[in-house]
Each structure stands twice: as C-alpha cells, then as structure tokens.
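Report on the structure
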Amino acid sequence: MRIQLTLQHSNEAKVDFNYQYHLSSWIYKTLAQADGDFAEWLHQQGHVYGKRAYRLFTFGKLQPRRYGVDRQSKMLVLKEAPTTLTLSFHVPDTLQHFVTGLFEHQRFSLGSRHYHVDFEVQTVRMLPPPAFKETMRYRCESPILISRLYEGNPYPQYLAPDAPEYASLLLQNLLRKWRAWQGVTVLSNEAPLEESLPYNVPFAFRLLSRPRSKLLRVKTTDLRGYEFSFELTAPIELHEIGYNAGFGEKNAAAGMGLVQVVHDTASLKVI
C-alpha cells in the first residue's frame, strides 16, 4: 500500500541533502505513538529470514512545489509549500486504513539546530495499487542499492545495475523478503534461493536506461545506489513486495528502492 502526504511548511526552508535517516526515524516514531509493541518489533526484529530481518516499508523523496539547491551549505531549499511525500508499506489489507490514519495531522521536524524545517501533515491520501502482471516496467523514484561482499574485503561493494551478478542479487533480495513475509524458516538442506521461485515463473531483469549513481549518507555510512528504468519478469508476489517494500537494500533505513510503474516509453526517463 502507498500513501501520499501533503506537508505544510515555511517557504524558503532549508533541509540537509541527507535527510533520509531522520525521515525514517519519524516514521518509526509515528508507528510507536499508535502501538508501541508493533513499532518496537518492527524496529528491533521485523520479518526474519535466516540471519536477516526486513522492515517492509520504504519512502520517497521530499517533493516541494518549487525547490532550489544551496550548494555551499549542501542544503535542499524548499522554496514553496506544499511538499508531498510518498510512504510505501507491505502490510495486510486489514491494516491499510489503520496505517493511513496514523499519519493524519502529524507534526515533525527535520534538521539540526542550525537548519531545520517544521512540517505539518495537511492531508493523507491512499494511492491506488497498480495492476500487477508477470512483466512490469519501473522507474526509480529513489536509488536502488545492491551490494555484495568479496573475500578479503570487510566492506560491501555497491554494484551498478549493469554488473553481471546484479540480476541474481536483486532476485535473492526479493525472495528473502517474500520468504520472511511468508514466515518461511531456512532449511539447512534447501535448494538455492534462485531455484525457489513461486509458481515456477521465470525471472528476468532488463535495464532500460542509463543508470545514474547516487550517494546517500546515513549517520556516518555512505551508501551508493543507482536510479534507472528497468523491465522485470517475475511472479506477481515478488512484484508486489518490491513495489510496496522497496527493491534492493536499505529501504526502511534510507528510503531506497522506491519505484513507479511506467506504461509508455516517454516515462522511462529517470528525472
């Protein structure tokens, strides 16, 4: 499910480029106000598969009516209100209206003591879901991050979508989220993830635009993702969880992996 928030704020307000962690914290805080046990479980555990836990939500970029960039102070200038923000959750249908209600009339701030913006949620609108098919085309609204560890290097290496192993790692990420959502337990003798596609639907990833590298900082960690358009063939269940919870890694922590469905060639361009 997706909701779009309309946010009021002062004009010409400035917010740090790397505001994603603070937005994530506000989302957790909002959930905690309604149900502390649910928010604590989401933050501390989430949906678990193997040694990994998945918080199945993501969010988009702040979209002001007009904006500018203050490169000297590395700030985004929200020149004119309102600003819209998209939140995306993979939750049961029975919880959708509950989640929507949590964000109504909320107030929050982003920034530091030097620069901060006070926001007030003016409206909350539930967005209609797309009609999912086995082959879909998407455009990134926020960067998708895919990483892997190489022997002898303790730091993850961030991969571009034209890397040879990118499609396989993207598929593994989707399958882990899907299995975590289903409550599937890892078996010591189970087949590789790629051999466990639901309903035996084939998987295919096709890059449709030139990737653009994007660097985000979360606390003290730099994360590199890529924005691009792509075509994906996969079981509908994997499309749904990727669309709702985000593709790739760092969805809840940094708002990465949010995509939009595209229906025509002109919409494939990443803006």
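That block above? That's the structure.
Residues numbered from 1 in each chain as written. Predicted model: local features only at pLDDT ≥ 70, side-chain atom pairs only at ≥ 80, totals over all residues. Heavy atoms only, no water.

Glancing now at the nonpolar core. Counting residues in each nonpolar core, the largest one holds 33 residues, and the members touching the most others are Leu 5, Phe 89 and Phe 103. Contacts of Leu 5, omitting those with residues within four sequence positions, involve Trp 26, Thr 83, Thr 84, Leu 85, Leu 87, Phe 103, Val 121, Thr 123 and Val 124. Listed in part, the 32 residues of the second largest apolar core include Tyr 138, Leu 175, Ile 241 and Ala 245. (Core = buried A, V, L, I, M, F, W, Y, C linked by side-chain atoms within 4.5 Å. Buried < 20%, exposed > 50% of the residue type's maximum accessible area, 1.4 Å probe, protein only. Contact = heavy atoms within 4.5 Å.)

Turning next to helix α4 (residues 166–182). Helix length check: α4 (17 residues) gives 24 Å between terminal C-alpha atoms against 24 Å at 1.5 Å per residue, within 8%. Most of α4 sits inside the fold, with 12 of its 17 residues counted as buried. Residues of α4 that are buried include every one of Tyr 166, Leu 170, Leu 171, Gln 172, Asn 173, Leu 174, Leu 175, Arg 176, Lys 177, Trp 178, Arg 179 and Ala 180, and no others. In the core, the buried residues of α4 are packed alongside β3 (47–49), β4 (52–54), β13 (204–207), β16 (229–233), α5 (236–245) and α6 (251–254). Just beyond α4, the residue with positive phi is Gly 183, at close to 75°. (Helix = DSSP H or I, 4+ residues; strand = E, 2+ residues; numbered from the N terminus. Expected span 1.5 Å × (residues − 1).)

On to the packing of α4 against α5, then. Their axes nearest at 9 Å, the elements α4 and α5 cross at an angle of 90°. Between α4 and α5, the crossing angle belongs to the class labelled roughly perpendicular. Contact residues: α4 offers Leu 171, Leu 174, Leu 175, Lys 177, Trp 178 and Trp 181, while α5 offers Glu 237, Leu 238, Ile 241 and Gly 242. Of the residues belonging to the contact of α4 with α5, the class tally is 7 nonpolar, 1 polar and 2 charged. (Axes fitted to C-alpha atoms, helices over the stretch in contact; angles between N-to-C directions. Parallel < 35°, antiparallel > 145°, perpendicular 65-115°, else oblique. Nonpolar A, V, L, I, M, F, W, Y, C, P; charged D, E, K, R; others polar.)

What follows covers a nonpolar patch on the surface. A surface patch of nonpolar side chains, about 290 Å² in accessible area, is lined by Phe 17, Tyr 67 and Val 69. Position of Tyr 67 among the secondary structure elements: in strand β6 (residues 63–70). Given the relative accessible area of 55%, Tyr 67 is considered exposed. (Patch = residues over 30% accessible without salt bridge, like charges linked within 9 Å, V, L, I, M, F, W, Y side chains within 5 Å. Areas by Shrake-Rupley, 256 points an atom, 1.4 Å probe, with all protein chains shown as cover. Salt bridge = Lys/Arg side-chain N within 4 Å of Asp/Glu carboxyl O.)

The strand order across the open sheet built from 4 strands is β13-β16-β10-β17, with neighbouring strands paired in antiparallel fashion. If you trace the sheet from one side to the other, it starts and ends with β13 and β17 (259–261), each paired once. In this sheet, adjacent strand axes meet at a mean angle of 30° when their direction is disregarded. Direction of pairing for strand β10 (residues 135–140) relative to β17: antiparallel, over a ladder of 3 bridges. The residue bridging Cys 140 from the neighbouring strand is Val 259, located in β17. This element, α5, spans β10, β16 and β17 of the sheet and lies at about 15° to β10. (Pairing = 2+ DSSP bridges.)

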